[in-house]
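Read off the chains here:
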Amino acid sequence: MVGRRADHRLRSKRKGSVFVVDALTSEILNGVGSFATLAIVALGLGIVFGLMGVINLAHGEFVMVGAYVAFMVQEAGRSHWLAIPIAAIVLLLLGGMIELALIRRIYQRPELTILATFGLSIVLRQLAELIFTKDFRSVVNPVPGATPALGVLYPTYRFVLIAVAVTVVVVTLLTFTRSQFGLTVQAIVADRELAESAGIRTSVVNSLAFGIGAATAGVAGALVAPLGAVEPQIGLTYLPGAFLVVIVGGVSRLWGVVLGAGIVAAVQTGAIHFADAVLAQIVSLLLAVVVLQFGRSSRSGLVA
Amino acid sequence: MRLQATGLEAGYGAVPALHGVSVSVEQGEIVAIVGRNGVGKTTLIKALMGLLPATSGSVRLGGNDVTRWPPSRRVRAGLRAVYQERAVFSELTVRDNLRLNGLDASAQADVLEMFPDSLIGRDQQRAGTLSGGEQKMLASGCALRAGASILVMDEPTEGLQPSNVDLLGKHLSQARDDGLGVILVEQHLALATSLATRFVVLEKGEVVASGHADEPDIHERIATHLVI
Ligand SMILES: Nc1ncnc2c1ncn2[C@@H]1O[C@H](COP(=O)(O)OP(=O)(O)OP(=O)(O)O)[C@@H](O)[C@H]1O
Ligand SMILES: [Mg+2]
């Protein structure tokens, strides 16, 4: 995802500064956009890992499905704004069903969740190829044009993306940390048997939590669809960044995901500014290595 | 309502720890389960709740065969438990523990007042920072106020000072008189004797003796199984 984003930026620069007036300001805005995307994609990953102990290698494919939902909504002649809630609902259901059929059986065995979700990611990509072929599909930007901000002209849709992503992240975080639903999820994480014995239907709550994690990825997919090509492999560009965020931020507190996204976005944006996209990738990987080396546990990162 | 286990077999891995145990309790009575360490009392409690699957035999609750029901469904049907270990969510606050047990504000206040010296004013504390005895009192209070018809309790007096044992006894006999049925696993024989209407003695995963509290030789019969 780092490379893709940077290429896009370089391309738009070369195209003759239509949008870019002040390179630094727009780089900062790119950084904010990258933060928002990282945060919303990593959040779902953080939820299912932190709360359910599942390492979901198919999370990127949930983003991919969300992007195809946006494409189908467009083909059906409907507004892109409709695509965002529809993607959320489709992925909530798909995620809930996957939890029921697959994940439920392997909670106690983290190594199996890796294999199972890896297999699932392949299946989802193959299905996408079967239905949509490998062709690049495009979703039309619903708000072409640019908006002046901080002295530069910046693509309006990117502001929309930031606003929607940040809203979804905040609402999801509040749901998991402040609501009765969030409390029941915490109880299940703390002690599933005791939660059952308090009358909590842990199987329903688990399906719902996994579904919500998938739904945030679906929203992310629908949001990024107009920014690039929609194709079966698109999920693969998002997964490494999201994992990096989860590693850096940690998931022992969900807010860690947001801070992790902030750190990763800042490091990447800074590296791109002072050097290039390749160095940004290397720096990101080093960051992960350092955190993994010195982290207190598999669930805690630098901040949570 | 009646909780009835018949020929219950359950255990860990290949080895069963219960070999065909039958026990029952009606609403309004307390049945004491006694036996030495490791005879399968906790295993029985877990099998009654559904935390351990029954490999044979059945559990009925009211009119339903609940043998294959998950614990939460049994809870919704009127069953509750207090466990010997990990009786509360130690990572969560006392208040959150009360909320998770589905108690409304007034029931939450009731629970704290059941053991006033131990629980009042502690509601914002993590339950894990309560002492072992205090955690037990919190768990018992939650279970007693949660509106269950049948309660299974695994050594609720473990770690309680004598005055709190008396207090728990008072709450239990009150609840029994209000129509609660209790299966009470108890090492504290004096309490069991003062509360129970019936006794069941377990040994090596089997019921080896049982009887009503008013049978003249009941205490001698229990004692012969408990002395080493
Ligand atoms: N998790 C477990 N895995 C394997 N065996 C177990 C497990 N828990 C208990 N057991 C065995 O099952 C048997 C019954 O144990 P259980 O805990 O039911 O005894 P208990 O009567 O509750 O003892 P206590 O009075 O010490 O609480 C014992 O032999 C014990 O070693
Ligand atoms: Mg025991």
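Residues numbered from 1 in each chain as written. Chains lettered and ligands numbered in written order. Predicted model: local features only at pLDDT ≥ 70, side-chain atom pairs only at ≥ 80, totals over all residues. Heavy atoms only, no water.

Caption draft 1: Region of the structure containing the side chain of S72 of chain B. Along the chain, the position of S72 of chain B falls in helix α2 (residues 71-76). Residues within four places of S72 of chain B in sequence aside, it is in contact with E196, G199, I200 and R201 of chain A. (Helix = DSSP H or I, 4+ residues; strand = E, 2+ residues; numbered from the N terminus. Contact = heavy atoms within 4.5 Å.)

Caption draft 2: Structural view of the sheet that holds strand β6 (residues 79-82) of chain B. All names here are of chain B. Overall, mixed pairing links the 6 strands, which are arranged β6-β7-β8-β3-β9-β10 in an open sheet. Here the strands that pair on one side only, and so sit at the sheet edges, are β6 and β10 (206-212). Ignoring which end each strand starts from, the neighbouring axes of this sheet average 15° apart. Where β6 meets strand β7 (residues 150-154), 4 bridges bridge the pair, whose relative direction is parallel. Within the sheet, the bridge partner assigned to V82 lies in β7 and is M153. (Pairing = 2+ DSSP bridges. Axes fitted to C-alpha atoms, helices over the stretch in contact; angles between N-to-C directions.)

Caption draft 3: Representation of the site of ligand 1 within the structure. Residue and element names in this part refer to chain B. The environment of ligand 1 is made up of 13 residues, and the closest members are N37, G38, K41, T42 and T43. The separation between an oxygen atom of ligand 1 and a polar side-chain atom of E155 is 3.5 Å. When ligand 1 sits alone it has 630 Å² of accessible area, and the protein chains cover 56% of it. Residue contributions to the shell around ligand 1 peak at 3 residues, all from helix α1 (residues 41-49). Considered class by class, the residues forming the shell around ligand 1 number 3 nonpolar, 7 polar and 3 charged. (Near = heavy atom within 4 Å. Polar contact = N/O pair within 3.5 Å; in protein donor to acceptor, adjacent residues only side chain to side chain. Areas by Shrake-Rupley, 256 points an atom, 1.4 Å probe, with all protein chains shown as cover. Nonpolar A, V, L, I, M, F, W, Y, C, P; charged D, E, K, R; others polar.)

Caption draft 4: Structural context of the nonpolar core. With 117 residues, the main nonpolar core has L3, L44, L48, V152 and I183 of chain B as its most contacted residues. With 12 residues, the top contributor of residues to this core is helix α2 (residues 23-52) of chain A. Counting 33 residues, the second largest nonpolar core, distinct from the first, contains V82, V94, A107 and L138 of chain B. (Core = buried A, V, L, I, M, F, W, Y, C linked by side-chain atoms within 4.5 Å. Buried < 20%, exposed > 50% of the residue type's maximum accessible area, 1.4 Å probe, protein only.)

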